[in-house]
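Listed below, chain by chain, are the residues.
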Amino acid sequence: LACPAEPVAAAVPLVVRVGPGTMGPAELLAGVLREVRKAKIVGRPTPGLVGKQVLFRLDRGDALLLTTAAFVLTSGEPLLGKGITPDETVEPEPPPPDAR
């Protein structure tokens, strides 16, 4: 299945908001959108928890969780342990004083 026509939304500017809660596949997607679609990344830095993890079950019910692969963007920028640094830092607004 192919669509030879230019995508309608290809020229629409894209902004992606990230923060400390943006982890794993979401960090990878934000990085890919920045490189491929030239998306602007706003928010706060992400934690860099992007890697393939494998759970090895051990005797006596124990287990070992190992990171077995790390993702790297096409530019060569590693994400594991580094995360995504926003183009523009945007801090969350504090809640109003009457909010509980």
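What counts and how
Residues numbered from 1 in each chain as written. Predicted model: local features only at pLDDT ≥ 70, side-chain atom pairs only at ≥ 80, totals over all residues. Heavy atoms only, no water. Helix = DSSP H or I, 4+ residues; strand = E, 2+ residues; numbered from the N terminus. Rg over C-alpha atoms; globule rule 2.2 N^0.38 Å. Buried < 20%, exposed > 50% of the residue type's maximum accessible area, 1.4 Å probe, protein only. Contact = heavy atoms within 4.5 Å. Areas by Shrake-Rupley, 256 points an atom, 1.4 Å probe, with all protein chains shown as cover. Lys, Arg positive; Asp, Glu negative; His and termini not counted. Charge placed at Lys NZ, Arg CZ, Asp CG, Glu CD. Expected span 1.5 Å × (residues − 1). Arc of directions from axis to C-beta. pLDDT = per-residue confidence, 0-100. Core = buried A, V, L, I, M, F, W, Y, C linked by side-chain atoms within 4.5 Å. Pairing = 2+ DSSP bridges.

Re the overall build of the protein chain
In step 1: Looking only at helices and strands, the protein chain has one helix and five strands in total.
In step 2: The linear arrangement of helices and strands in the protein chain, starting from the amino end, is β-α-β-β-β-β.
In step 3: Relative to the compact-globule value of 13 Å for 100 residues, the protein chain shows a C-alpha radius of gyration of 18 Å, a clear excess of over 25%.
In step 4: With the C-alpha coordinates of the protein chain rotated into their principal frame, the extents come out at 55 × 55 × 25 Å.
In step 5: Within the protein chain, the proportion of its 100 residues that are buried is 20%.
In step 6: Looking at the protein chain alone, contacts between residues at least 24 apart form 61% of all its contacts between residues at least 6 apart.
In step 7: Of the accessible surface of the protein chain, which amounts to about 7600 Å², a share of 61% is contributed by carbon and sulfur atoms.
In step 8: When the 11 positive and 11 negative side-chain charges of the protein chain are each reduced to one mean point, those points stand 3 Å apart.

With respect to helix H1 (residues 25-37)
In step 1: Between the first and last C-alpha of H1 there are 17 Å, a value that for 13 residues agrees with the 18 Å anticipated at 1.5 Å per step.
In step 2: Three or more residues of H1 are buried, namely Glu 27, Ala 30 and Gly 31. Viewed end-on, H1 has its buried residues packed into an arc of 95°, placing them on one side of the element. Residues of H1 that are exposed and point more than 90 degrees away from the buried face comprise Pro 25 and Val 36.
In step 3: In this structure, the buried side of H1 is in contact with strand S1 (15-18) and strand S2 (40-43).

Details of the confidence of the model for the protein chain
Detailed reading of the predicted coordinates is not advisable wherever pLDDT is low.
In step 1: Taken residue by residue, the protein chain gives an average pLDDT of 90. The fraction at 70 or more is 98%.
In step 2: For the protein chain, per-element mean pLDDT is lowest for strand S4 (residues 63-70), which scores 92, and highest for S2, which scores 97.

Here we look at the nonpolar core
In step 1: Among the nonpolar cores identified, the biggest contains nine residues, and these are Val 16, Val 18, Ala 30, Ala 39, Ile 41, Val 50, Leu 73, Leu 79 and Ile 84.
In step 2: Not counting the four nearest positions on each side in its chain, Ile 84 is found in contact with Glu 27, Gly 31, Arg 34, Ile 41, Pro 45, Thr 46 and Leu 79.

A look at unusual backbone geometry
In step 1: In this structure, Lys 38 takes a positive phi of about 60° despite not being glycine.
In step 2: Phi at Arg 60 takes a positive value of approximately 65°, unusual for a residue other than glycine.
In step 3: Accessibility expressed as a relative area gives 84% for Arg 60, which makes it exposed.

So, the sheet that holds strand S5 (residues 88-89)
In step 1: If you trace the three strands from one edge of the open sheet to the other, you get S1-S2-S5, paired in parallel fashion. Each having just a single partner strand, S1 and S5 make up the two edges of the open sheet.
In step 2: The sheet contact formed by S2 and S5 spans two bridges and is parallel. Of the residues in S5, the one forming a bridge with Val 42 is Glu 88.

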